[in-house]
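Residue-level structural notes
Take a look at the letters that make up each chain.
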Amino acid sequence: MSGILVVAEQLDGELCDVSGELIGAANAIKTGVGGPLQVLVIGKTAKDLAAKVNLDGVDEILTVQTESDHFDPLVYEEIICKAGSDARPSVILIGHTASGLAYGAAVSARLGSGFASDVFILSMDGDELVATRSAYGNKLEMELGFSGKGVVLLTLRGATFVPPETEGSAKITPVEVDLAALEGLSTHVEYQEAPPSDIDIAKADFILSVGRGIQDKDNLPRFSSLANKLGATFGCSRPIVDSGWLPKPHQVGQSGKVASNCQLYFALGISGAVQHLFGMKHVDTIIAVNTDPGAPIFNVATYGTTVDLFELTDALERHFN
Ligand SMILES: Cc1cc2nc3c(=O)[nH]c(=O)nc-3n(C[C@H](O)[C@H](O)[C@H](O)COP(=O)(O)OP(=O)(O)OC[C@H]3O[C@@H](n4cnc5c(N)ncnc54)[C@H](O)[C@@H]3O)c2cc1C
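The structure presented is a predicted model; accordingly, all values stated were derived computationally and were not measured. (Residues numbered from 1 in each chain as written. Predicted model: local features only at pLDDT ≥ 70, side-chain atom pairs only at ≥ 80, totals over all residues.)

With that settled, the discussion passes to the sheet that holds strand β17 (residues 303-305). To summarise the sheet geometry, strands pair through backbone hydrogen bonds and adopt either a parallel or an antiparallel arrangement. Strand order in the open sheet formed by 5 strands is β14-β13-β15-β16-β17, with parallel pairing between adjacent strands. Both edges of this open sheet fall to β14 (233-236) and β17, since each of them pairs with a single strand only. Averaged over all pairs of adjacent strands, the angle between their axes in this sheet comes to 15°, without regard to strand direction. Strand direction decides the pairing type here: strand β13 (residues 206-210) and strand β15 (residues 264-268), joined by 5 bridges, are parallel. Its bridge partner being in β15, V210 is matched across the sheet by L268. (Pairing = 2+ DSSP bridges. Helix = DSSP H or I, 4+ residues; strand = E, 2+ residues; numbered from the N terminus. Axes fitted to C-alpha atoms, helices over the stretch in contact; angles between N-to-C directions.)

Here we take up the nonpolar core. Core analysis: the biggest nonpolar cluster contains 52 residues, and V6, L40, V41, V53 and L93 have the highest contact counts within it. In contact with L93, not counting residues within four places along its chain, are I4, V6, L22, A25, A26, L154 and L156. Among the nonpolar cores identified, the runner-up in size contains 32 residues, and I207, V289, A295 and A301 belong to it. (Core = buried A, V, L, I, M, F, W, Y, C linked by C-beta atoms within 7 Å. Buried ≥ 20, exposed ≤ 12 C-beta atoms within 10 Å, placed from the backbone. Contact = placed C-beta atoms within 7 Å.)

The subject of this paragraph is the site of the ligand. Looking at the ligand, there are 26 residues lining it, with G211, G213, R238, G253 and S271 nearest. Those elements giving two or more residues to the shell around the ligand turn out to be α6 (238-242), α7 (274-277) and α9 (309-320). Residue classes in the shell around the ligand are distributed as 8 nonpolar, 14 polar and 4 charged. (Near = placed C-beta within 6 Å. Nonpolar A, V, L, I, M, F, W, Y, C, P; charged D, E, K, R; others polar.)

With that settled, the discussion passes to helix α5 (residues 220-230). For α5, the full list of buried residues reads F223, L226 and A227. Looking straight down α5, one finds that the buried residues subtend no more than 100° of arc, so they occupy a single side. Here the buried face of α5 lies against β13, β14, β15 and α9. (Arc of directions from axis to C-beta.)

Segmenting the protein chain into domains produces domain 1 (4-182) and domain 2 (206-320). One C-alpha centre belongs to domain 1, the other to domain 2; they are set 35 Å apart. (Domains from an automatic or database assignment.)

In structure tokens:
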């Protein structure tokens with residue numbers, strides 16, 4: 001066994017960003033792993049999508065045409081197991097996404113592979129693959145090895161690895177997989193678009209986030225307007241979303257979005273629970289405003305102040321008005 005198999009992800013015929021990121025991650029370990037880098041594209045439009053994953057470092061693109069572009073985890077599981085046994089890669093990379101999570105563990109169980117999810121660093125220790133993920137509510141980072149495993153399947157965190165910038169010259173190979181055994185096992189009912197949002201926490205480089213410390217929904221416009229004036233993306237902690245004050249795309253944290261590209265994070269009235277820190281503690285510069293000097297947010301803050309957040313906001317508003 002040798003080589004890497006990347007499973008491209010698409011949503012209703014559109015290639016997802018994570019596909020290029022998986023290829024970027026694969027390139028970083030390709031020499032150490034040895035063998036070819038293959039990308040598997042599944043869907044009705046697989047041949048069209050192949051051109052979009054023909055990126056630097058890719059040796060071969062395997063296309064499997066299916067009747068529909070609608071995601072079906074059983075179809076992905078079957079095809080990857082077939083491709084996994086034919087191509088015999090030693091590493092399979094899929095996105096740590098709603099789709100990837102729907103089939104990743106099942107594929108791993110069928111192949112008897114090593115497995116790790118939500119991996120955010122990939123490296124080689126000699127000829128051994130090392131995957132880094134967090135544990136215990138993000139309090140620890142674990143480096144995992146997979147000795148004795150012929151094949152390892154990893155789900156990689158999105159917006160973390162850098163996609164190749166240049167095109168590749170991979171050969172494209174159509175592959176037939178018999179899916180007859182899956183007939184009648186699942187039915188596609190409907191595809192529902194998520195409500196549109198112009199907020200992208202994962203891509204923002206400057207985020208101003210508010211937490212329960214802002215006390216009331218009526219206070220929100222002050223902070224969203226301040227974020228706007230400062231040129232920051234407006235984020236929040238989970239209680240703000242759970243109370244229905246802001247929609248989900250604004251939420252930073254474990255069950256929200258990770259601020260992957262953020263350089264400056266301004267936290268107003270956020271205590272710093274581990275689930276919130278999961279989404280932002282890695283940011284270069286964190287400025288925390290919290291009246292409680294013992295708030296855990298100060299453990300990760302670069303700069304912190306215990307002034308009242310409304311007092312500070314008044315001062316900033318006076319300056320920027
Ligand atoms: C499975 C699971 C997933 C979760 N996922 C997430 C997630 O993705 N994101 C997330 O954020 N949370 C998440 N949580 C919730 C998390 O545990 C915390 O409950 C939440 O982060 C707390 O939000 P907060 O800091 O806004 O509120 P609080 O903890 O209530 O903190 C408010 C802070 O504001 C300060 N404050 C009050 N008034 C002022 C003032 N006038 N000036 C300055 N400071 C003031 C207080 O001192 C306090 O520290 C999750 C929880 C679970 C169980």
